[in-house]
Amino acid sequence: MSSNNPQSNPKPDLDESINVTQAHGRVVRESAASAREKRIADNGHEPASLGIIVACGIVLLIAGGVLDNAGVPFKYGDTFREGYVREKAPGGGDEEPLPKPALAAFSARGAKIYSKCNGCHGADGKGDGANYPSLAGSEYVLGDTEKFAMIILNGIQGPISTGKTYGAGIMPAQGTGMSADDLAGVMTYVRNSFGNSSGDVVTVEMAQKALEISAARENPNTPVTADEIAAKHMAMLPGEPLDPTTPVNPVNLQPVE
Ligand code: HEC
């Protein structure tokens, strides 16, 4: 064998030159790929992937929600108690209203009920002189209370206290739906407004009597007349008078201790 046999030549063959860039690139790619490989734990298991962990979390969340409600999903009854009523905050004004002197309390109630009357008799109670009479100084408003109550509850067919007949000659009944409280209030109000000053209170008890007397009339639900008033209703409604300064509950108009 000659010494110039190329196979035995230990020198690198410079003709088959190594592409350094290519070789270097391969080293980089391969080491990056092995770096991406999951690390194998000592026991030989792969770590669980993040996707599996997230999926398990979602399943646990839903299962927890369902099981917490004893198998019934979205059981709102536990969150919103049945018949739940929010209580007033302490000092939130649910206590007894401040008492007012009887005359003021009854009149305040009556002023509201007077909205039934003011379309005809006017906000100032003076009427219009032609179709609606004035309630200021009216003989049927002042004095005996029974006749005034009968007019409110049943209406009146003229002539009225002045001997005059107004407008259509009839006032329609205003008693529909009127409670004893309302009647007591509006009577007290009119008797102490527009220049009237009876200074007394028509009590709820008196108004209750008026409702009974009205229902027991010979011809109920028809307007009263001056004749009927003169014959039957010239009287004070029965009942204990109430001192106008007595403190009363302005809501139920009952005297307070
Ligand atoms: C729809 C209109 C109308 C309404 C509402 C009305 N009235 Fe009259 N009222 C009259 C008319 C009209 C007369 C006179 C009737 C007549 O001349 O025949 C009258 C007469 C009266 C009289 C008699 C006055 C007197 O001096 O003889 C009184 C008291 C009275 N009304 C009180 C009231 C009160 C209190 C209310 C409210 C609760 C009321 N009226 C609601 C129309 C009305």
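Please refer to the structure placed before this passage.
A brief report on the enclosed structure follows. (Residues numbered from 1 in each chain as written. Predicted model: local features only at pLDDT ≥ 70, side-chain atom pairs only at ≥ 80, totals over all residues. Heavy atoms only, no water.)

1. What about the coordination of the iron atom of the ligand?
For the iron atom of the ligand, the full set of protein donor atoms is H121 (NE2) and M171 (SD), and the range of their distances to it is 2.0 to 2.1 Å. Each of the six donor atoms bound to the iron atom of the ligand contributes to angles spanning 86 to 179 degrees, and the resulting shape is octahedral. Taken together, the positions of H121 in helix 5 (residues 118-121) and M171 in strand 3 (residues 170-171) put the pair 50 residues apart, joining distant regions of the chain. M171 carries the same exposure label as H121, and that label is buried. (Donors = N, O, S within 2.8 Å, 3.2 Å for Na, K, Ca; no water. Tetrahedral: all angles 85-135°; square planar, octahedral: opposite > 155°, others 65-115°. Helix = DSSP H or I, 4+ residues; strand = E, 2+ residues; numbered from the N terminus. Buried < 20%, exposed > 50% of the residue type's maximum accessible area, 1.4 Å probe, protein only.)

2. Looking at the nonpolar core
Formed by 40 residues in total, the largest nonpolar core has its most connected members in F106, Y114, I156, L183, V186, M187 and V190. Listing elements by their share of this core, those giving two or more residues are helix 4 (102-113), helix 6 (145-154), helix 7 (180-191) and helix 8 (204-215). Discounting chain neighbours no more than four positions away, the residues touching V190 are Y114, L135, V141, F148 and N196. (Core = buried A, V, L, I, M, F, W, Y, C linked by side-chain atoms within 4.5 Å. Contact = heavy atoms within 4.5 Å.)

3. Section: the site of the ligand
As a structural note, the neighbourhood of the ligand is formed by 26 residues, with C117, C120, H121, S161 and M171 the closest of them. Contact distances for the ligand include 2.6 Å between an oxygen atom and a side-chain N or O atom of S138. Take Y166: an N or O atom from its main chain is 2.7 Å from an oxygen atom of the ligand. Going through the elements one at a time, helix 5, helix 6, strand 2 (156-157) and strand 3 are the ones with two or more residues in the shell around the ligand. When its residues are assigned to classes, the shell around the ligand shows 16 nonpolar, nine polar and one charged. (Near = heavy atom within 4 Å. Polar contact = N/O pair within 3.5 Å; in protein donor to acceptor, adjacent residues only side chain to side chain. Nonpolar A, V, L, I, M, F, W, Y, C, P; charged D, E, K, R; others polar.)

4. With respect to a nonpolar patch on the surface
Residues L50, I53, V54, I58, L61 and I62 make up a contiguous nonpolar surface patch of roughly 640 Å² in combined accessible area. Looking at the element boundaries, I53 is found in helix 2 (residues 50-68). (Patch = residues over 30% accessible without salt bridge, like charges linked within 9 Å, V, L, I, M, F, W, Y side chains within 5 Å. Areas by Shrake-Rupley, 256 points an atom, 1.4 Å probe, with all protein chains shown as cover. Salt bridge = Lys/Arg side-chain N within 4 Å of Asp/Glu carboxyl O.)

5. As for the packing of aromatic side chains
Using the criterion set out here, one finds three aromatic pairs in the structure. Between Y189 and F194, the ring centres sit 5.7 Å apart and the planes meet at 85 degrees, which makes this aromatic pair edge-to-face. Among the aromatic side chains, those forming a connected cluster through ring pairs are Y114, Y189 and F194. Positioned above the aromatic ring of Y166, the side-chain terminus of K164 is 4.4 Å from the ring centre. (Phe/Tyr/Trp six-rings, centres within 6.5 Å; stacked < 30°, edge-to-face > 60°. Lys NZ or Arg CZ within 6 Å of the ring centre and 35° of its normal.)

6. Section: the pattern of salt bridges
One pass over the structure, following the stated rule, counts six salt bridges. Salt-bridge contacts for D200 lead to R191; the nearest nitrogen and oxygen are separated by 3.0 Å. For R191, a relative accessible area of 2% puts it in the buried group. For R217, the salt bridge is made with E228, and the minimal N-O distance between the two is 2.8 Å. Of this pair, R217 sits in the loop between helix 8 and strand 4 (224-225) while E228 is found in helix 9 (residues 226-232), placing the two residues 11 residues apart along the sequence. The burial state of R217 is the same as that of E228; both residues are buried. Here the salt bridges do not stand alone but share partners, grouping R109, D181 and D182 into one network.

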